[in-house]
Structure formats: structure tokens, C-alpha cells
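What follows is the residue order along each chain.
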Amino acid sequence: MATGARSSPDGTEFVIGNRAAEMFDVVLRICSPKKGGSTFPSYLRAEYTDELIRTARAFLKDVVTANCRRGTARSDLQSAAQGELAYLTFLVRTAYNNKWISERQHSLVFRHIGELTKRIWNWKKSDASG
């Protein structure tokens, strides 16, 4: 995985950032109101979907910003990104357990979360050894 100076100018080689953007798109689709109405209860729809979107966006921002940093600044952003993924896991699991999102939506987000968790750990490990 290319990072920092080794990344291509358009970022096509930055796999973590690209996957984070894909996950953000999935979260946006889950949170968008459906034609027949949202599956989220009306009394918390705006708050809950805003929190999902905010968390996914914060993760994307932390990852992209970390790619431009070195040293402890990068490490701090990587750790923040891991925290955002943990919180997003909780939010998505809660939405699924309450049947606000489908099993397909849950699986799709969790595939991204699983892959990104591994990639962030490996990124941190490679930074620590290099």
C-alpha cells in the first residue's frame, strides 16, 4: 500500500483512503430516506443517521490526513481512525439489532469495517517498524 510521498498524485494507490471513501458511500446510502419512508424510527432518525454519517466522515478525514503526516501526528490520527471504526461498529450493530437496517446493509458495512481495521493495524505496524 502506498502512502505519503509514494502515493500517486490522484491517490489511486492509497487503498485505505479509497476503501474509506467506499464505506462512507455505503453509510450515506443506508442513511438516505427510502421512497416509502425511512426504516429508522422517526423520533431518532435525524440524530442517528447524522451520527452515522459524522462518524464515517470523521474516519475518512482521519485516514486521509494521516496519509499526509509523519511521526506522532500520523500515529495519533491512525489511533483516532481506529476509535472511529470502533464507534461506527457500535452504531451499525445497534441499527441492525433494532432492525433499522437490513442484514445485507449490515454485512456490507461490516465487510468494510473488517477490512479497514486490518489495514489500519498493518499501516500502524509498518510505520512502527520503518
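Engineer: Would you mind going over the packing of aromatic side chains in detail, with residue names and values included?
Structural biologist: Summed over the entire model, instances satisfying the criterion amount to 4 aromatic pairs. A ring pair is formed by Phe 14 and Trp 123, whose centres lie 5.9 Å apart and whose planes are at 65°; its orientation type is edge-to-face. Pair noted here: Phe 14 is in the segment before helix H1 (15–31) and Trp 123 is in helix H4 (residues 103–129), with a separation of 109 residues, a long-range link. Residues Phe 14 and Trp 123 agree in their burial class; the two are buried. In this arrangement the basic side chain of Lys 124 is found over the ring face of Trp 121, its NZ or CZ atom lying 5.7 Å from the centre.

Engineer: Describe in detail empty space enclosed by the protein, supporting the description with residues and values.
Structural biologist: Summed over the entire model, instances satisfying the criterion amount to 1 cavity of 30 Å³ or more. There is about 40 Å³ of room inside the largest cavity. If you trace the largest cavity, you find it lined by Val 27, Ile 30, Cys 31, Phe 40, Leu 52, Val 92, Ala 95 and Ile 101. Elements with a minimum of two residues in the lining of the largest cavity: H1 and helix H3 (71–97).

Engineer: How would you sum up the packing of H1 against helix H2 (residues 45–67)? Please name residues and give values.
Structural biologist: Axis angle and axis distance: for two packed helices, these are the angle between their axes and the distance between the axes, and together they describe the pair. Closest axis-to-axis distance for the H1/H2 pair is 9 Å, and the angle between their directions is 170°. Put simply, H1 runs roughly antiparallel to H2. Of the residues in H2, those in contact with Ile 16, Gly 17, Ala 20, Ala 21, Met 23, Phe 24, Val 27, Leu 28 and Cys 31 of H1 are Arg 45, Thr 49, Leu 52, Ile 53, Ala 56, Arg 57, Phe 59, Leu 60 and Val 63. Looking at side-chain class alone, the contact of H1 with H2 contains 14 nonpolar, 2 polar and 2 charged residues.

Scoring rules and cut-offs
Residues numbered from 1 in each chain as written. Predicted model: local features only at pLDDT ≥ 70, side-chain atom pairs only at ≥ 80, totals over all residues. Heavy atoms only, no water. Phe/Tyr/Trp six-rings, centres within 6.5 Å; stacked < 30°, edge-to-face > 60°. Helix = DSSP H or I, 4+ residues; strand = E, 2+ residues; numbered from the N terminus. Buried < 20%, exposed > 50% of the residue type's maximum accessible area, 1.4 Å probe, protein only. Lys NZ or Arg CZ within 6 Å of the ring centre and 35° of its normal. 1 Å grid on protein atoms, 1.4 Å probe; cavity = no way out; pocket = protein on both sides within 12 Å on 5 of 7 lines; lining within 4 Å. Points joined across faces, edges and corners; volume = space filled by probe spheres on them. Axes fitted to C-alpha atoms, helices over the stretch in contact; angles between N-to-C directions. Parallel < 35°, antiparallel > 145°, perpendicular 65-115°, else oblique. Contact = heavy atoms within 4.5 Å. Nonpolar A, V, L, I, M, F, W, Y, C, P; charged D, E, K, R; others polar.

Keep in mind these values describe shape, not function.
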